[in-house]
Amino acid sequence: MHLQKTNIDSYNLIGFVIMIIIQILLFIEIRKLKEKISEKMELNDEGTRLKLQALERLTLFAERIGLQNLVNRSHNSNMSATLMQQTLVETIKSEHEYNATQQIYVNPEIWGAVTRLKDQNIYIINQLAAPLPHNATAMDLSKRIIEYSLQENAQLNNIVIDALRFEAQKLTD
């Protein structure tokens, strides 16, 4: 009977040791899982922050190349209309190039809208400048652009800015 009790005690001890080992292993696995989740959350937070920064920069870009803002920033009464046209187009292109890297942080539809805004504003400037006489001044072109931009729905940048705001809101909700 003493031998049987010793066997039972040893089985109990072995079972107890196995249970402790399993608990330790589970604890280690749970800790590893928590660390992975924490790392993913940090990466997700960093990704969200980068996406929001990209949306901010693209919003600033859309605001800056709005026709009225562009004319107000670039107008120089000593320029010819042709030089003003070139200056406006180059400003739009260079600002777009400066912000081109932001496309990796935003969805393709948003980047497409930003690119269409650039193309549309260049097209409008060129179309408004085309009928002007060769001796037209920057003031002549500026007036035409401002008059055009006062028309309803002429400011495509406002639509793009609304889309950028919507994207930012989705990230912060």
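Preceding block: the structure.
Residues numbered from 1 in each chain as written. Predicted model: local features only at pLDDT ≥ 70, side-chain atom pairs only at ≥ 80, totals over all residues. Heavy atoms only, no water.

### Describing the overall build of the protein chain
Of regular secondary structure, the protein chain possesses six helices and zero strands. Scanning the protein chain from its N terminus toward the C terminus, one meets helices and strands in the order α-α-α-α-α-α. Across the 173 residues in the protein chain, those meeting the buried criterion constitute 30%. Long-range pairs, those at least 24 residues apart, make up 74% of the contacts in the protein chain between residues at least 6 apart in sequence. Per element, the accessible surface of the protein chain, about 12000 Å² overall, is 58% carbon and sulfur. (Helix = DSSP H or I, 4+ residues; strand = E, 2+ residues; numbered from the N terminus. Buried < 20%, exposed > 50% of the residue type's maximum accessible area, 1.4 Å probe, protein only. Contact = heavy atoms within 4.5 Å. Areas by Shrake-Rupley, 256 points an atom, 1.4 Å probe, with all protein chains shown as cover.)

### Describing the packing of helix α3 (residues 81-98) against helix α5 (residues 138-149)
Between α3 and α5, the shortest axis-to-axis distance is 7 Å and the interhelical angle comes to 55°. Comparing the axis directions of α3 and α5 gives the class oblique. Seen from above, α3 lies across α5 with right-handed handedness. The segment α3 lies against α5, with Ala81, Met84, Gln85 and Leu88 engaging Ala138, Leu141, Ser142 and Ile145. Of the residues that constitute the contact of α3 with α5, the class distribution is six nonpolar, two polar and no charged. (Axes fitted to C-alpha atoms, helices over the stretch in contact; angles between N-to-C directions. Parallel < 35°, antiparallel > 145°, perpendicular 65-115°, else oblique. Left-handed = near helix turned anticlockwise from the far one by under 90°. Nonpolar A, V, L, I, M, F, W, Y, C, P; charged D, E, K, R; others polar.)

### Here's the deal with the pattern of salt bridges
Within the structure shown, the criterion is met by five salt bridges. For the salt bridge of Glu95 with Arg73, the shortest nitrogen-to-oxygen distance reads 3.2 Å. Residue Glu95 is located in helix α3, and its partner Arg73 is located in helix α2 (residues 67-74); the two are separated by 22 residues in the primary sequence. Overall, the relative accessible area of 12% leaves Glu95 in the buried class. Where Asp119 meets Lys118, a salt bridge forms, and the shortest distance between an N and an O atom there is 2.9 Å. (Salt bridge = Lys/Arg side-chain N within 4 Å of Asp/Glu carboxyl O.)

### Observations concerning the packing of α3 against helix α4 (residues 108-129)
Remark: α3 packs on α4, axes separated minimally by 10 Å, with the N-to-C direction vectors making an angle of 175°. With respect to α4, the element α3 is oriented roughly antiparallel. Facing α3, whose interface residues are Gln85, Leu88, Val89, Ile92, Lys93 and His96, α4 presents Trp111, Val114, Thr115, Lys118, Asn121, Ile122, Ile125, Asn126 and Ala129. Class assignment for the residues of the contact of α3 with α4 results in eight nonpolar, five polar and two charged.

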